[in-house]
Amino acid sequence: MIREEALEQLDAFVPRMVSYAGERNRVVPGHTNVSRLSPAIRHRLITEDEVAAVALQHHGFGAVEKFVQEVYWRYYWKSWLELRPGVWSSYREDLTEFGSGARRAADKVLGGHSGIEIFDYFANELISTGYLHNHARMWFAAIWIHEFKLPWQLGADFFHRYLLDGDPASNTLSWRWVAGLHTAGKNYLARASNLEQYLAPEILEVNRGGLERIRQPAPAFEPTNEGAPPPVSLPDLSYGEPLGEKTGFWLHEDDLSPELDCISDSVRMAVVISSDLQDEHRYSPLRCDWISSASAATAARLGDRAECLSADDTAAALVEWAEGHQLKTIVAYQPWVGPVRDRLPEMEERLSKSGIELRLIRKPADEVWVPLATAGFFGFWKKLQRKHPLLKELT
Ligand SMILES: Cc1cc2nc3c(=O)[nH]c(=O)nc-3n(C[C@H](O)[C@H](O)[C@H](O)COP(=O)(O)OP(=O)(O)OC[C@H]3O[C@@H](n4cnc5c(N)ncnc54)[C@H](O)[C@@H]3O)c2cc1C
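Residues numbered from 1 in each chain as written. Predicted model: local features only at pLDDT ≥ 70, side-chain atom pairs only at ≥ 80, totals over all residues.

Q: Can you explain the sheet that holds strand 4 (residues 329-333)? Please cite residues and give values.
A: Here five strands make up an open sheet; going across it, the order is 3-2-1-4-5 and the pairing parallel. Lying at the two open borders of the sheet, with one neighbouring strand each, are strand 3 (306-311) and strand 5 (357-361). The sheet shows a mean angle of 30° between the axes of neighbouring strands, taken without regard to direction. Here strand 4 runs beside strand 5; their pairing, made up of five bridges, is parallel. Bridge pairing links Val331 to Arg359 in strand 5. (Pairing = 2+ DSSP bridges. Helix = DSSP H or I, 4+ residues; strand = E, 2+ residues; numbered from the N terminus. Axes fitted to C-alpha atoms, helices over the stretch in contact; angles between N-to-C directions.)

Q: A description of the nonpolar core should follow, citing residues and the corresponding values.
A: Across soluble globular proteins, you tend to see nonpolar side chains buried next to one another. Ranked by internal contacts, the top residues of the largest apolar core, which has 103 residues, are Phe140, Ala142, Ile143, Leu318 and Ile330. Looking at this core element by element, the count peaks at 11 residues for helix 5 (residues 61-83). The residues contacting Ile143, other than those within four sequence positions of it, are Ile116, Phe119, Phe148, Ala190 and Ile214. (Core = buried A, V, L, I, M, F, W, Y, C linked by C-beta atoms within 7 Å. Buried ≥ 20, exposed ≤ 12 C-beta atoms within 10 Å, placed from the backbone. Contact = placed C-beta atoms within 7 Å.)

Q: Kindly report on unusual backbone geometry, identifying the contributing residues and their values.
A: Phi at His31 takes a positive value of approximately 50°, unusual for a residue other than glycine. Examined against the element boundaries, His31 turns out to sit in the loop between helix 2 (20-23) and helix 3 (38-42). For His31, a count of 17 C-beta atoms within 10 Å gives the class partly exposed. A positive phi angle is found at Gln326, which is not glycine, with a value near 50°. In this structure, Gln326 sits in the loop between helix 16 (314-324) and strand 4.

Q: Report on the environment of His281, specifying residues and quantitative values.
A: Position of His281 relative to the elements: it lies in the loop between helix 14 (275-280) and helix 15 (285-302). Each C-alpha atom, one on His281 and one on Arg161, is 6.9 Å from the other, the two residues being 120 residues apart in sequence. For His281, the residues in contact, after removing those within four places along its chain, are His160, Arg161 and Pro339.

Q: Account for the packing of helix 9 (residues 134-147) against helix 11 (residues 168-179), naming residues and giving values.
A: The contact between helix 9 and helix 11 brings their axes to 9 Å, and the two run at 55°. By the angle between their axes, helix 9 is oblique relative to helix 11. In this structure, helix 9 crosses over helix 11, and the sense of that crossing is right-handed. Here Arg137, Met138, Ala141, Ala142 and Ile145 of helix 9 come into contact with helix 11, specifically with Ser174, Trp175, Val178 and Ala179. Taken together, the residues of the contact of helix 9 with helix 11 break down into seven nonpolar, one polar and one charged. (Parallel < 35°, antiparallel > 145°, perpendicular 65-115°, else oblique. Left-handed = near helix turned anticlockwise from the far one by under 90°. Nonpolar A, V, L, I, M, F, W, Y, C, P; charged D, E, K, R; others polar.)

Q: How would you explain the domain arrangement of the protein chain if you had to name every residue and give the values?
A: The domain boundaries assigned to the protein chain delineate domain 1 (1-83 + 370-395), domain 2 (91-214) and domain 3 (247-361). For domain 2 versus domain 3, the separation of C-alpha centres amounts to 33 Å. With eight residues of domain 2 in contact, the opposing surface of domain 3 contributes 10 residues. Within the residue set of the side of domain 2 that touches domain 3, elements represented by two or more residues are helix 10 (152-162) and helix 11. If one sorts the elements of the side of domain 2 that touches domain 3 by residue count, helix 10 sits on top with three residues. For the side of domain 2 that touches domain 3, a count of residues per class yields four nonpolar, three polar and one charged. (Domains from an automatic or database assignment.)

Q: A description of the packing of helix 4 (residues 48-58) against helix 5 should follow, citing residues and the corresponding values.
A: Where helix 4 contacts helix 5, the axes come no closer than 10 Å and their chain directions differ by 175°. The angle between helix 4 and helix 5 places the two elements in the roughly antiparallel class. Seen from helix 4, the contacting residues are Glu48, Val51, Ala52, Ala55 and Leu56; seen from helix 5, they are Phe61, Val64, Phe67, Val68, Val71, Tyr72, Arg74 and Tyr75. For the contact of helix 4 with helix 5, the residue count by class is 11 nonpolar, no polar and two charged.

Shown next as structure tokens:
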């Protein structure tokens with residue numbers, strides 16, 4: 001996908017934004033009631049603010065409040081995890097500790113004969129298209145955890161590998177919420193009656209086998225009563241000075257929107273497709289293709305000053321690129337908590353051995369809004385509504 005396609009998809013969804021609040025929970029063939037913009041927003045081909053601005057330019061706030069709120073849910077999750085990076089690292093650590101028994105059990109339910117046909121249908125939809133509707137994600141995760149009693153971490157990993165919008169924050173935190181580990185006293189159970197209400201009959205009727213198993217679902221374990229870990233303080237990464245000579249800009253999969261006042265037209269840019277990182281996290285071929293084409297399109301959009309590098313070793317590719325252009329400093333947007341961020345310490349060390357400094361900056365909006373995710377979504381949303389230029393005079 002390229003940025004222009006994402007913007008066209010956003011425009012095409014404008015008329016449906018008003019019926020979104022009433023229709024969004026229905027799972028229908030073709031998913032026409034939702035925007036399907038998530039991969040583009042996840043990789044920042046377009047931003048949350050751009051999506052909200054288009055919604056509010058065409059409709060009154062009241063008509064699209066639910067849609068705009070959902071768009072900022074993603075931003076909230078990212079910000080929440082940014083303030084609590086330990087939740088991601090302990091999930092990653094847990095994943096290394098499961099033995100072959102747990103992994104075999106997980107593979108078995110993903111083999112197409114789990115005993116609940118609609119679950120098999122969703123697994124196949126995800127693998128073959130890279131997408132699942134939000135309600136289907138909730139049902140799938142709930143069946144995985146509470147009915148099949150499989151570790152939530154292995155389910156989250158499956159989603160993260162196959163979803164085109166696979167996102168460390170939205171994904172990990174949603175799985176934890178379904179399990180009952182995120183919000184005190186709350187979990188989410190998939191009920192047959194809820195599927196019958198919200199799933200299109202043409203999908204459900206041919207996938208009814210095993211539905212009786214979730215007529216009266218019970219939780220695998222009681223929801224936690226622990227509160228969230230306390231937020232960490234964020235380093236000040238705001239940018240100020242224009243980027244100097246001998247400085248290049250590295251664009252990675254977390255942010256493919258390079259526009260910033262501090263980047264003059266002469267700054268060289270490298271959009272890097274990090275195969276080493278994709279291999280480590282076992283992204284599906286569809287997901288890798290999506291990232292590759294979005295990265296190549298971003299480089300093409302930037303013109304002659306940008307290159308798209310396919311790298312089996314991201315640090316080595318950046319060193320070679322920097323040396324080729326006599327660059328002494330590489331600047332990049334601070335990656336969000338997740339795979340790219342995890343690589344930074346090693347990359348910094350290797351760049352520095354070649355005399356290249358890696359400097360991280362954060363976009364002005366991220367600098368302001370991320371620290372607001374100190375507690376629940378609705379507190380974040382209220383603060384955003386009070387302060388955000390797009391939202392503040394609308395309620
Ligand atoms: C178990 C589980 C795992 C999930 N994993 C991911 C993930 O890896 N990546 C991801 O982007 N989303 C994830 N979500 C959130 C949500 O399902 C998707 O963002 C949404 O379905 C994307 O489809 P859409 O673009 O058609 O959404 P729309 O309904 O059209 O919403 C518009 C935009 O709002 C945002 N949004 C909507 N719903 C949510 C939500 N519940 N949480 C956060 N943002 C939301 C997305 O950016 C989305 O593109 C997960 C949800 C669950 C329950």
